[in-house]
Amino acid sequence: EKIIIGGGMVFTFLKAKGLNVGTSLVEDDFVDTAKEVMAKAEKLGKTILLPSDIIVADKFAPDAETQVVAADAIPDGWMGLDNGPATTAEQKEFLSDCKTVIMNGPMGVFEFEAFSKGTFGIVDILADLTKEKGAITIIGGGDSVAACEQSGRAGDMSHISTGGGASLELMEGKVLPGVAALADK
C-alpha cells in the first residue's frame, strides 16, 4: 500500500521529477522507469514517500562538509548521502498504521557517522512498530542487517535475512533455486 524510497535510489526518482540532484548517485538508465513507477502508483492510488529534506555533502568522505537542504534544493557540486531529520519524522508518521513493513536497503551512507541518522532512524521506527504495535518487520539485505545490528535493534525485528535480492525475487513470485531444491526432496 505504501512505499518509501530511500538511499541512492532517491536521486533517480528526484531527477525523474525534474529536480536538480547535484552530483548525487543517479541511474540515468532508470529515470524513465522511475517516472513509470510514480505514474502507476498515482493511477493505483498508492503513495510513494520521497525525502523532503536531504543531508548533502561536498564529497564522499566521512569528514565532508555537510548541510541539510530541501529535496528540491540540492546545490550543484553537492551530493545527497542521507535523509534529513524532517524526512525521518515523516517516515514515522507514514508507517504508523502499518501492520507489515519490509525494509530492503539503508536510507543513507550509514557507514559514515555524519550520514547514519536516516538509516538508524528508520531502523528505530521499525523496531518500535514491532515492539509497541505488533507489526511484522522483515529486514532484507546485508546492509540493512548490518544497520540493524549496529543500532542494537536487530533483536526487535520480526525477521532478518541477508538475502535482500532473493527476498525481493521471492515476493515477485520467482522460484528460488535453493528453495526449489528443498521442495524436490
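Everything that follows concerns the structure shown earlier in this document.
Residues numbered from 1 in each chain as written. Predicted model: local features only at pLDDT ≥ 70, side-chain atom pairs only at ≥ 80, totals over all residues. Heavy atoms only, no water.

J.: Would you explain the environment of S52 in this entry?
T.: Looking at the element boundaries, S52 is found in the loop between β2 (47–49) and β3 (53–57). For S52, a relative accessible area of 30% translates into the label partly exposed. Between the alpha carbons of S52 and P85 there is a distance of 9.2 Å; along the sequence they are 33 residues apart. Separated by 2.9 Å, the side chains of S52 and E90 make a polar contact. (Helix = DSSP H or I, 4+ residues; strand = E, 2+ residues; numbered from the N terminus. Buried < 20%, exposed > 50% of the residue type's maximum accessible area, 1.4 Å probe, protein only. Polar contact = N/O pair within 3.5 Å; in protein donor to acceptor, adjacent residues only side chain to side chain.)

J.: Could you clarify how one ought to interpret the sheet that holds strand β5 (residues 79–83) in this entry?
T.: Within a sheet, neighbouring strands are paired by backbone hydrogen bonds and run either parallel or antiparallel to one another. Overall, antiparallel pairing links the 3 strands, which are arranged β4-β3-β5 in an open sheet. Unpaired on one side and paired on the other, β4 (66–70) and β5 mark the two borders of the sheet. Within this sheet the neighbouring strands show an average axis-to-axis angle of 40°, counted without direction. The pairing of β3 with β5 spans 4 bridges and is classified as antiparallel. Opposite I55, over in β5, you have D82 as the bridge partner. (Pairing = 2+ DSSP bridges. Axes fitted to C-alpha atoms, helices over the stretch in contact; angles between N-to-C directions.)

J.: Explanation requested: the pattern of salt bridges in the structure shown.
T.: Pairs may arise between side chains of opposite charge once their charged atoms sit close together. Scanning the model with the defined rule gives 8 salt bridges in all. The closest approach of N and O atoms between K2 and D97, which form a salt bridge, is 2.7 Å. Of this pair, K2 sits in strand β1 (residues 2–4) while D97 sits in the loop between α3 (85–95) and β6 (100–103), placing them 95 residues apart in sequence. Overall, D97 belongs to the exposed group, its relative accessible area being 51%. We note a salt bridge from K15 to D28, for which the minimum N-O separation is 2.6 Å. Here K15, found in helix α1 (residues 9–16), pairs with D28, found in the loop between α1 and α2 (31–44); they are 13 residues apart in sequence, far enough to count as distant. Shared partners join several salt bridges into a network, and the residues in it are D124, D128, K131, R153 and D156. (Salt bridge = Lys/Arg side-chain N within 4 Å of Asp/Glu carboxyl O.)

J.: Can you help me understand the side chain of S144 in this one?
T.: For S144, the position within the fold is in helix α5 (residues 142–151). Residue S144 is classed as buried on the basis of its relative accessible area of 1%. Polar side-chain contacts of S144 include one of 3.3 Å to the backbone oxygen of G140.

It is worth stressing that arrangement in space is one thing and function is another; only the former is reported here.
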